[in-house]
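One letter stands for each residue in the lines below.
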Amino acid sequence: AATCYQRDCVVVSTIDGSVIDVMRLRLDDGVASWSSLGVFGRVDTVIWDGKKLQAGAQSWVLRDDGDFHNGTGYVIRDVAKHWSLVQKDVGSFKTPQGGEARKSLAAPDAALPLVANAYLRTTENSPLYDALASGSLRLVRGTFVQDCWKQRKPWPMRQDMPESGFWPAEEACAMWQMYGPIFFLALSYAWLHPTMNDPEMWHLERLACILTEYRSSLPSMSIWLRQKGAVDPRAPGPPEDIGVFIDYCSLPQEDTDRGIMRSQEEHQQFVSGLGVADIIYGHANTTVLRITSVPTSEQRKYHFRGWPIFEQHVSNAKPGYSLKVFEFDDAFIPKNNTLHGLGFIMESMKGQSPQRSQQQFCAELSSRRRLLKEISANLHLFSNPQDEHFVVQKYAEVWSQLARSSALTYRRVGWGTAEALQLAIVLPKFTQLKTFVLTNSAIGSEGMKAIVINLPRQIEELTISGARGEKAVDDVGLALSELTNLRYLDLSHSDWGDVGVQVLVSQMPKNVRVLELVQAGFRERGASSIAGLFHQLHVLHVVFNHVSGSGTDSFIAALPGSTIEKLHLCLPTDGPEAERDRLIDAWVRAGKLRERLSIIDWKPRVDASTSVSQPGPADFFTL
């Protein structure tokens, strides 16, 4: 199967998990064109909405790093959310040297909007890459940090660092390009001395412990992120060491107590490195380690400092957030740590928070400043007052990029109503948003209503799963009716019931082609109303709902002449014996492909709280 991960932007085509091509699709005044970027193979024909697209500039090239290509005659058909790939006469893949090879690369996480911006690129024209390649920004070897703690020596400032403690610029760039976020780690922490940074080694002790466990988890982490497309499939294995950005060690510093001032060259390096501070913490291919703890004697905590607040909000907006932000608070005491390897890392994962607009960010700085002054009039949000203007300006740049996002994806973030309301405030500012995904978050009716009402009208793909927003069905339905460009809708794992489903169906936008209502609590009446959409839907997923009896009859009656191409549903094991056969027969007689009808058997179980038979994963097997 091939999947379109960013409509109108990039398609990654795969067969059996191997990348065939990366293509760029464009729409100009309604005219679609495409061009092959030539990764491991190529797609020669694209069919979209039944029309063959004219190929754009055929920029097919064989890359110098040994990527290979072969295989022609593919057809991509748009089925709303997904693209299907039909294989024709595919030859074996050959390297330029003639050896047979297949390089496995799972498709990138759909959470990553595949657009060219500073937070996603790792190529030579990335500002962060340039700073790394020029030596303005240096990455510290993880083993050097561990050795510092073993020797009980504070980490030195950039000018005092031994060259052996750094990754050479060229090697750091190569490692980052190959290993992405499992190699490039960025430390967010609170300075504990104005010039000496961490003289008592509070942060050093913690970071050394973190890196020890992180490095031991690299085999598992590299497998996971390789599957997500964040690690190059050609990587021979996990990296033996990692690179860490520690501002005190990575950028030239000044120490007035010792009379050390930056030279003109060092000043330029400092300015260059500071200029990509937002990208360091917000890039899709960096991992952020937040050490938020400080000694009890320290009045200025992590969350009352301007730079850490900035780093926190930028990393919260990181594309493909999962497994890329870890937090270590006051509860983390290295000598008491009993977790190791991947278990330690997973325990430290930090859930993503909603993005903040520039105005909200500035308001938060003002709020933290007021709270800080209540502690002591002598405490300041920024040690250097001039930094505040720079930080506000940098966040404005971050927000200008964020606001142009075409996709917002929050999977398994565990939000509640408060987070949903916070996000709803900024949603209208995402004027180019096409895809919105929020799963496994019980935001409730109030939260769901706020989000759906504030979605930009041009949204094309919408997933809000597990929201428990059933009581807002009237408002949700009304808001949905205004989303006239909507083509994909997933409102699964909320107990809409028959009445709720009927409301949603009555307000369903005419362009919706894929509908998912998995475990939505409806029965025959709800199924009958959904059957009325068979004239517009291409794909329908309604497993874990009671679609037996009159519901199945409605489906059968709606099949002739319908546009439905794929159907997934459940039928009870104690239902009419001929029901399944009648549905299969009607599906085939309607000219549908048999393999695109999936029927799951399940044995009803009664939910004690509702006395309603509810299907569940333990109740079914695939027919």
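Residues numbered from 1 in each chain as written. Predicted model: local features only at pLDDT ≥ 70, side-chain atom pairs only at ≥ 80, totals over all residues. Heavy atoms only, no water.

S.K.: Describe the overall build of the chain, naming the residues involved and giving the relevant values.
M.R.: Helix and strand counts for the chain come out as 19 helices and 25 strands. Residue burial in the chain is summarised as follows: out of 623 residues, 55% are buried. Accessible area for the chain stands at about 26,500 Å²; split by element, carbon and sulfur atoms hold 50% of it. (Helix = DSSP H or I, 4+ residues; strand = E, 2+ residues; numbered from the N terminus. Buried < 20%, exposed > 50% of the residue type's maximum accessible area, 1.4 Å probe, protein only. Areas by Shrake-Rupley, 256 points an atom, 1.4 Å probe, with all protein chains shown as cover.)

S.K.: Can you lay out the pattern of salt bridges for me, pointing to particular residues and giving the numbers?
M.R.: Side chains carrying opposite charge are able to pair once their charged atoms draw close together. Counted under the stated rule, the structure contains 23 salt bridges. Glu460 is paired through a salt bridge with Lys434; the nearest N and O atoms lie 3.8 Å apart. Of this pair, Glu460 sits in the loop between helix H14 (444-454) and strand S17 (461-465) while Lys434 sits in the loop between helix H13 (417-426) and strand S16 (435-439), placing them 26 residues apart in sequence. For Glu460, a relative accessible area of 12% corresponds to the buried category. For Lys434, a relative accessible area of 24% translates into the label partly exposed. A cluster of three or more residues bridged by salt bridges with shared partners is formed by Asp160, Asp255 and Arg258. (Salt bridge = Lys/Arg side-chain N within 4 Å of Asp/Glu carboxyl O.)

S.K.: Please set out the pairing of strand S11 (residues 184-188) residue by residue, giving values where relevant.
M.R.: Counting buried positions along S11 yields 5 of 5 residues, so the element is predominantly enclosed. What you see with S11 is no split at all: Phe184, Ala186 and Ser188 on one side and Leu185 and Leu187 on the other are buried throughout. Looking at chain direction, S11 and strand S13 (residues 287-291) are connected through 4 bridges and run parallel. Its bridge partner being in S13, Leu185 is matched across the sheet by Thr287. (Pairing = 2+ DSSP bridges.)

S.K.: Go over the nonpolar core with me, naming the residues and quoting the values.
M.R.: Among the nonpolar cores identified, the biggest contains 146 residues, and Leu137, Phe184, Phe436, Ile464, Leu540, Phe555 and Leu569 are the most heavily contacted of them. Setting aside residues up to four positions removed in sequence, Phe555 forms contacts with Ala527, Ile530, Ala531, Phe534, Leu540, Val542, Val547, Leu567 and Leu569. Core analysis: the next-biggest nonpolar cluster, separate from the first, contains 6 residues, Val518, Phe544, Cys570 and Trp602 among them. (Core = buried A, V, L, I, M, F, W, Y, C linked by side-chain atoms within 4.5 Å. Contact = heavy atoms within 4.5 Å.)

S.K.: Could you give an account of the environment of Glu327, with specific residues and numbers?
M.R.: When you line up the elements, Glu327 lands in strand S14 (residues 325-328). We classify Glu327 as buried; its relative accessible area is 16%. Each C-alpha atom of the pair Glu327 and Arg290 lies 4.6 Å from the other, and the pair is 37 residues apart in sequence. Residues in contact with Glu327, not counting those within four places in the same chain, are Arg290, Thr292, Ser348 and Lys350. Within the structure, the side chain of Glu327 is placed 3.1 Å from the side chain of Arg290, a separation counted as a polar contact. (Polar contact = N/O pair within 3.5 Å; in protein donor to acceptor, adjacent residues only side chain to side chain.)

S.K.: Run through H13, naming residues and quoting values.
M.R.: Of the positions making up H13, those classed as buried are Ala420, Leu423, Ala424 and Val426. An end-on view of H13 places all buried positions within 160° of arc, on one side of the element. Along H13, exposed side chains directed more than 90 degrees from the buried face belong to Ala418 and Ile425. In this structure, the buried residues of H13 make contact with helix H11 (358-375), helix H12 (386-402), strand S15 (407-410), S16 and H14. (Arc of directions from axis to C-beta.)

S.K.: Before we move on, could you go through the environment of Ser315 and cite the residues and values that matter?
M.R.: Take Ser315: it is sitting in helix H9 (residues 306-316). Sequence-distant contacts of Ser315, that is, excluding residues within four places in its chain, are made with Tyr281, Val288, Arg290, Tyr321 and Val325. Side-chain polar atoms of Ser315 contact the backbone oxygen of Glu311, separated by 2.8 Å.

S.K.: Break down the side chain of Asp241 for me, citing the residues and quoting the values.
M.R.: Mapped onto the secondary structure, Asp241 falls in the loop between helix H5 (218-227) and strand S12 (243-245). Here the side chain of Asp241 touches Thr143 through a polar contact of 3.0 Å, side chain to side chain. Non-local contacts of Asp241, meaning those with residues more than four positions away in its chain, are made with Arg141, Gly142, Thr143, Trp167, Met175, Phe183 and Arg215.

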